[in-house]
Amino acid sequence: MTTARELDCLRLVYEKSSSGWPVRLADIAKSMSVKPPTALAMTEKLVRNGLLVKGPSGYVLTSEGKREAENLVMAHRVIETLLYKAGLSPDEACVQARKFDTFIPKLVVKKLYDYLGKPSECPHGKEIAC
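All figures in this text were calculated on a predicted structure; none of them were measured in a lab.

> An account of the overall build of the chain is needed here, citing residue identities and associated values.
Scanning the chain for helices and strands turns up 6 helices and 2 strands. Counted from the first residue to the last, the chain has its helices and strands arranged as α-α-α-β-β-α-α-α. A globule of 130 residues ought to have a C-alpha radius of gyration of about 14 Å, and the chain, at 15 Å, matches this closely. C-alpha extents for the chain along the principal axes are approximately 45 × 30 × 25 Å. When each of the 130 residues of the chain is scored for burial, the buried share is 35%. If you take every contact in the chain between residues at least 6 apart in sequence, the share linking residues at least 24 apart comes to 56%. Within the structure as shown, the chain displays about 7,700 Å² of accessible surface, and the carbon and sulfur contribution to it stands at 56%.

In structure tokens:
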């Protein structure tokens, strides 16, 4: 089972590697505010689980890892949109969504997405793709 912290690591690699470059372990540790040995333990588990691949210059997502990260980003953006529509500012909605977006089942995310009228973007203007 992948922990919420490991999913945050996966999301980080997804976001930082969007330009096509691998993500270095030092960048993961710094961005997640953990020591390099902690980042190494997380990335090694994600590699063992088939979600990341370690290359000579850093980590990249496998196709399964990319799918998992996209589901997580979708969940975050849908929940963020719901919280924004409930009256939170875009930034506060983002902060609050981050606290539990890793725990929401995909079916619930889809139902919320439909309930919200299938929004095309989150309050920060980022695409919501379903």
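Still more to cover.
> Can you explain the pattern of salt bridges? Please cite residues and give values.
Enumeration over the complete set of coordinates arrives at 6 salt bridges. Here Asp 8 makes a salt bridge to Arg 11, at a shortest N to O gap of 2.8 Å. Remark: Arg 11 and Asp 8 occur in helix H1 (residues 4-16); sequence separation between them is 3 residues, near one turn of the helix. Overlapping salt bridges bring together Asp 8, Arg 11 and Asp 101 as one network.

> An account of the packing of H1 against helix H4 (residues 63-85) is needed here, citing residue identities and associated values.
Taken N-terminus to C-terminus, the directions of H1 and H4 make an angle of 100°; their axes are 9 Å apart at the nearest point. Classified by the angle their axes make, H1 and H4 are roughly perpendicular. Contacts between H1 and H4 involve Leu 7, Leu 10, Arg 11 and Tyr 14 on the former and, on the latter, Gly 65, Lys 66, Glu 68, Ala 69, Glu 70, Leu 72, Val 73 and His 76. When its residues are assigned to classes, the contact of H1 with H4 shows 6 nonpolar, 2 polar and 4 charged.

Calculation notes
- Residues numbered from 1 in each chain as written.
- Predicted model: local features only at pLDDT ≥ 70, side-chain atom pairs only at ≥ 80, totals over all residues.
- Heavy atoms only, no water.
- Helix = DSSP H or I, 4+ residues; strand = E, 2+ residues; numbered from the N terminus.
- Rg over C-alpha atoms; globule rule 2.2 N^0.38 Å.
- Buried < 20%, exposed > 50% of the residue type's maximum accessible area, 1.4 Å probe, protein only.
- Contact = heavy atoms within 4.5 Å.
- Areas by Shrake-Rupley, 256 points an atom, 1.4 Å probe, with all protein chains shown as cover.
- Salt bridge = Lys/Arg side-chain N within 4 Å of Asp/Glu carboxyl O.
- Axes fitted to C-alpha atoms, helices over the stretch in contact; angles between N-to-C directions.
- Parallel < 35°, antiparallel > 145°, perpendicular 65-115°, else oblique.
- Nonpolar A, V, L, I, M, F, W, Y, C, P; charged D, E, K, R; others polar.

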